[in-house]
Amino acid sequence: MNYLIYPIKIMNITQTYKNDFSHSRHTVGTPKDYPIDDNCGATGPNGYFYCPCDAMTVKKIYGVGSSSSNVLWLESTTPVITPTFTDYVTIMIGHIEDAELNKLKIGQTFTRKEPIAIEGKDGFATGEHFHIVVGRGKFRGSGWVKNTNDIWVINTTGGSVKPEDAFFIDNTFTTIKNSAGLNFLDLYIPDIEEDDYYYTTAESLNIRLGPGTNYNAINTLPKNSRIKVREFVNNWARITDKEYVASNYVTKKEPSKYYETKSTTADFLNVRSKPAGTILKVKAPLPKGTTVAVMEEKNGWTKINTNRWVYSSYVK
Ligand SMILES: [Zn+2]
């Protein structure tokens, strides 16, 4: 479950990519990126950038000893799961002081939630903060490229992405003081007390990692799957800490026959066309904690939809 989470313990975003100040030239140029500034809750050098996924490697350090703004590039060592895609990510971080960057080495690897560097104001920033830019995919070229406004923007194999499309909020880790109007998705929600079951009505209903068709679809549920709805968000029903289905396709009316749902327990669970059949690539493999329907069980295999089977030991 290599979910990409917000990398700071107290989120206090002081400028987004939408603001009209120094970031505007990033987002109106070509190519563009989507920077945010976060001062970690208060003025002063009080917050760390923590590794936001299972592992990230230092790819490049720029600007130490010069008057220009220092920049650090980190790349995930494996694909990560975000609300909108599953891929490698590369993150560019600005303003970290020379002394902090001198402790880092190219190729050094950090693991989830490990502190990487403290916020700074190198490059004449008005106060200590991180300037954070996320790119989908791997580090490309020199890691950045000049846009049509003469601004250096991130250069990755999959292009720049908005922070709220990349980071989940792990609310056991991050407290939101100010998100500056950006709508981040939580990875966890409190458990509900009462059983509130619904049944799916679409022939095959996508499970997505956020309340919209722009979010990553990770699995499908066959018609008449029994699910528990935690909350409704606009036209979306949240069925677990991170999974949503379109609410138009759920009903409280119990069908004459329905399928129970379970959750996957392997980090990435292969889906096969039949018991021990071909490994499928569409909406597969399933990340840990994915909801699956149980249509049939046969010889240690579980049918989760038409022509989709998983190994039964990894669902419970
Ligand atoms: Zn900035």
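Residues numbered from 1 in each chain as written. Predicted model: local features only at pLDDT ≥ 70, side-chain atom pairs only at ≥ 80, totals over all residues.

Visitor: Before we move on, can you summarise the overall build of the protein chain with the specific residues and values?
Guide: If you tally the helices and strands in the protein chain, you get three helices and 32 strands. A compact globule built from 316 residues would reach a C-alpha radius of gyration of about 20 Å, and the protein chain, at 22 Å, matches this within 12%. Seen through its C-alpha atoms, the protein chain measures out along the principal axes to roughly 70 × 35 × 35 Å. When each of the 316 residues of the protein chain is scored for burial, the buried share is 42%. Considering only residue pairs separated by 6 or more positions, the protein chain has 65% of its internal contacts joining residues 24 or more positions apart. (Helix = DSSP H or I, 4+ residues; strand = E, 2+ residues; numbered from the N terminus. Rg over C-alpha atoms; globule rule 2.2 N^0.38 Å. Buried ≥ 20, exposed ≤ 12 C-beta atoms within 10 Å, placed from the backbone. Contact = placed C-beta atoms within 7 Å.)

Visitor: Which residues make up unusual backbone geometry, and what are the values?
Guide: With an omega dihedral of -10 degrees, the bond running from T30 to P31 counts as a cis peptide bond. Note on placement: P31 falls in the loop between α1 (24–27) and β2 (36–38). Residues A284 and P285 are joined by a peptide bond in cis, for which omega reads -5 degrees. As for its position among the elements, P285 is in the loop between β27 (268–269) and β28 (286–287). The phi angle at K113 is positive, at roughly 70 degrees, despite the residue not being glycine. Mapped onto the fold, K113 is located in the loop between β9 (109–111) and β10 (115–118).

Visitor: How would you summarise the sheet that holds strand β30 (residues 296–298) if you had to cite specific residues and measurements?
Guide: Taken together, three strands build an open sheet; the order of strands is β30-β31-β32 and the sheet is antiparallel. Across the chains shown, the open sheet's two edge strands, defined by having one partner strand only, are β30 and β32 (308–311). For this sheet the average axis-to-axis angle between neighbouring strands, irrespective of direction, equals 30 degrees. (Pairing = 2+ DSSP bridges. Axes fitted to C-alpha atoms, helices over the stretch in contact; angles between N-to-C directions.)

Visitor: Tell me about the environment of M295, residues and numbers included.
Guide: Note on placement: M295 falls in the loop between β29 (291–294) and β30. Counting along the chain gives 74 residues from M295 to L221, while the straight-line C-alpha distance between them is 9.9 Å. Residues within four places of M295 in sequence aside, it is in contact with P222, Y259, K303 and I304.

Visitor: I'd love a proper account of the domain arrangement of the protein chain, names of residues and values included.
Guide: You can read the domains of the protein chain as domain 1 (10–186) and domain 2 (197–314). Domain 1 and domain 2 are separated by 33 Å when their C-alpha centres are compared. In this complex, domain 1 contributes eight residues to the contact, which on the side of domain 2 involves seven residues. Its residues placed into classes, the side of domain 1 that touches domain 2 shows five nonpolar, three polar and no charged. (Domains from an automatic or database assignment. Nonpolar A, V, L, I, M, F, W, Y, C, P; charged D, E, K, R; others polar.)

Visitor: Please set out the nonpolar core residue by residue, giving values where relevant.
Guide: Among the nonpolar cores identified, the biggest contains 48 residues, and L4, L72, M92 and I93 are the most heavily contacted of them. At the level of secondary structure, the elements contributing two or more residues to this core comprise β1 (10–15), β5 (71–76), β6 (80–81), β8 (89–94), β10, β11 (130–136), β12 (139–146) and β13 (152–156). The residues touching L4, leaving out its near neighbours within four places in the chain, are P52, C53, V80, I81, T82, V89, A166, F167 and F168. Judged by nonpolar contacts, the second largest core, of 24 residues, contains A237, Y259, I304 and V310. (Core = buried A, V, L, I, M, F, W, Y, C linked by C-beta atoms within 7 Å.)

Visitor: Would you mind going over the environment of D98 in detail, with residue names and values included?
Guide: On the secondary structure map, D98 appears in helix α2 (residues 98–101). Using a count of 14 C-beta atoms within 10 Å as the deciding quantity, one classes D98 as partly exposed. Placed 22 residues apart in sequence, D98 and G120 show a C-alpha to C-alpha distance of 9.1 Å. Setting aside residues up to four positions removed in sequence, D98 forms contacts with V64, G65, N70 and D122.

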